[in-house]
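# Topology and contacts: notes
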Amino acid sequence: GEDVEQSLFLSVREGDSSVINCTYTDSSSTYLYWYKQEPGAGLQLLTYIFSNMDMKQDQRLTVLLNKKDKHLSLRIADTQTGDSAIYFCAETPPSGKLIFGQGTELSVKP
Amino acid sequence: DAGITQSPRYKITETGRQVTLMCHQTWSHSYMFWYRQDLGHGLRLIYYSAAADITDKGEVPDGYVVSRSKTENFPLTLESATRSQTSVYFCASSSLRASLPGTDTQYFGPGTRLTVL
C-alpha cells in the first residue's frame, strides 16, 4: 500500500545542521516533496526532487534520494530559529494523490 | 488577492449541526483537495476534485460531502458534525499537468480550525 513514514520530533541547536528522514513505499512515485508548515499556517512547498535524481541542492537545503532503500532526507545547513516548523515528506504514486508522512516537528534552540 | 483562501478560519459548532467550510482559488487550477490534519496522523485526504462536477473520495470521506459547481470553489460540508470531526481542515489546489515537471505541486490554503462540542 501507499505509506510514508517520518520520525515525529527533531531538536537541534542554532547553527547546526538538521537532517529529517522519510521512508516511502511506492517506488513508482514520480516526485517526492518536502513541505514546511509554520505554526498556525498552511503547508508551503519547500522543495521537490524528481525520482530519477539522487540529490538536489537549493541554498541551505539538500535533498538526498535513495531509490533502492526508498529513503528521502532533507538536510538544512546552518539551522536558524526561523526554521522551527513541521516538515512533511510526500510522494505521488500513480494514483495521482499526494501521500503525506505524519510530519517531523523541528525545534531549533538558540 | 490571488491565491487560495479558506473561510471561516475558526469555527465552533455543536454535535449534529451542519457546517460548511469554504475554499476558493484564483488560479483556475483543475484539481482541488480537502485534507484534515490531526496529531499523529499527518494530513489525510477527505475528498478531491479533478474538475468542475467531478469529485472523488479520499482516505477518510465518511461524514463529509463536497460539491464543485465552479472551478474556483470547492466547499466541504459536514452534514451532522461529530466530535471526531474536530480538526484543522486544509484545502489545496493543483494544476496537475503531469507533462510539466512540478505541476502536480499542491498549494495550500491557511486552514480552518473546527471544534465540535
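This structure is a prediction, so every number in the text was calculated from the model and none was measured.

Moving on, we come to the overall build of chain A. Secondary structure summary: chain A contains zero helices and eleven strands in total. For chain A, the sequential pattern of α-helices and β-strands runs β-β-β-β-β-β-β-β-β-β-β. In summary, chain A has a C-alpha radius of gyration of 13 Å against a globular reference of 13 Å for 110 residues, a match within 12%. The buried share of chain A, reckoned over its 110 residues, is 43%.

Our focus in this paragraph is the nonpolar core. Residues Trp34, Leu72, Leu74 and Tyr87 of chain A are the most contacted members of the largest nonpolar core, which totals 20 residues. For this core, the secondary-structure elements that each account for two or more residues are strand 3 (18-24), strand 4 (31-37), strand 7 (61-66), strand 8 (71-76), strand 9 (85-91) and strand 11 (104-109) of chain A. When sequence neighbours within four positions are dropped, the list of residues in contact with Leu72 of chain A reads Ile20, Asn21, Cys22, Leu32, Tyr33, Trp34, Ile49, Val63, Leu64, Leu65 and Cys89 of chain A. Within the second largest apolar cluster, 18 residues are counted, among which are Cys23, Met32, Leu76 and Leu78 of chain B.

Turning to the layout of surface pockets, a few remarks are in order. Taken as a whole, the largest pocket holds about 590 Å³ of empty space. In terms of lining residues, the largest pocket is bounded by 28 residues, among which Gln37, Ile86 and Phe88 of chain A together with Gln37 and Leu39 of chain B are the most central. Within the residue set of the lining of the largest pocket, elements represented by two or more residues are strand 9 and strand 11 of chain A together with strand 4 (31-38), strand 9 (87-94) and strand 11 (112-116) of chain B. Among the elements that take part in the lining of the largest pocket, strand 9 of chain A stands out by supplying three residues, more than any other. When its residues are assigned to classes, the lining of the largest pocket shows twelve nonpolar, eleven polar and five charged. Empty space within the second largest pocket amounts to approximately 310 Å³. In this structure, the second largest pocket is lined by 18 residues; those nearest its centre are Ile99 and Phe100 of chain A together with Leu43, Arg44 and Glu59 of chain B.

Residues and elements named next belong to chain B. Only one face of strand 1 (residues 4-7) is covered, namely the face carrying Ile4 and Gln6; the face carrying Thr5 and Ser7 is uncovered. Sheet topology places strand 1 next to strand 3 (residues 19-25); four bridges connect them, and they run antiparallel. If you follow Ser7 over to strand 3, its bridge partner there is Met22.

Below, the discussion takes up the packing of aromatic side chains. Considering all chains together, one arrives at 16 aromatic pairs over all chains under this definition. Where Tyr33 of chain A meets Tyr35 of chain A, the ring centres are 6.1 Å apart and the plane angle is 35°; that geometry is what we call tilted. Pair check on accessibility: Tyr33 of chain A and Tyr35 of chain A agree, each one buried. Through a chain of ring-to-ring contacts, the aromatic side chains of Tyr31, Tyr33, Tyr35, Tyr48, Phe50, Phe88 and Phe100 of chain A together with Tyr31, Phe33, Tyr35, Tyr48 and Phe108 of chain B assemble into a single cluster. Across the ring face of Phe74 of chain B, the terminal group of Arg68 of chain B is positioned such that the distance to the ring centre comes to 6.0 Å.

Criteria and thresholds
- Residues numbered from 1 in each chain as written.
- Chains lettered and ligands numbered in written order.
- Predicted model: local features only at pLDDT ≥ 70, side-chain atom pairs only at ≥ 80, totals over all residues.
- Heavy atoms only, no water.
- Helix = DSSP H or I, 4+ residues; strand = E, 2+ residues; numbered from the N terminus.
- Rg over C-alpha atoms; globule rule 2.2 N^0.38 Å.
- Buried < 20%, exposed > 50% of the residue type's maximum accessible area, 1.4 Å probe, protein only.
- Core = buried A, V, L, I, M, F, W, Y, C linked by side-chain atoms within 4.5 Å.
- Contact = heavy atoms within 4.5 Å.
- 1 Å grid on protein atoms, 1.4 Å probe; cavity = no way out; pocket = protein on both sides within 12 Å on 5 of 7 lines; lining within 4 Å.
- Points joined across faces, edges and corners; volume = space filled by probe spheres on them.
- Nonpolar A, V, L, I, M, F, W, Y, C, P; charged D, E, K, R; others polar.
- Pairing = 2+ DSSP bridges.
- Phe/Tyr/Trp six-rings, centres within 6.5 Å; stacked < 30°, edge-to-face > 60°.
- Lys NZ or Arg CZ within 6 Å of the ring centre and 35° of its normal.

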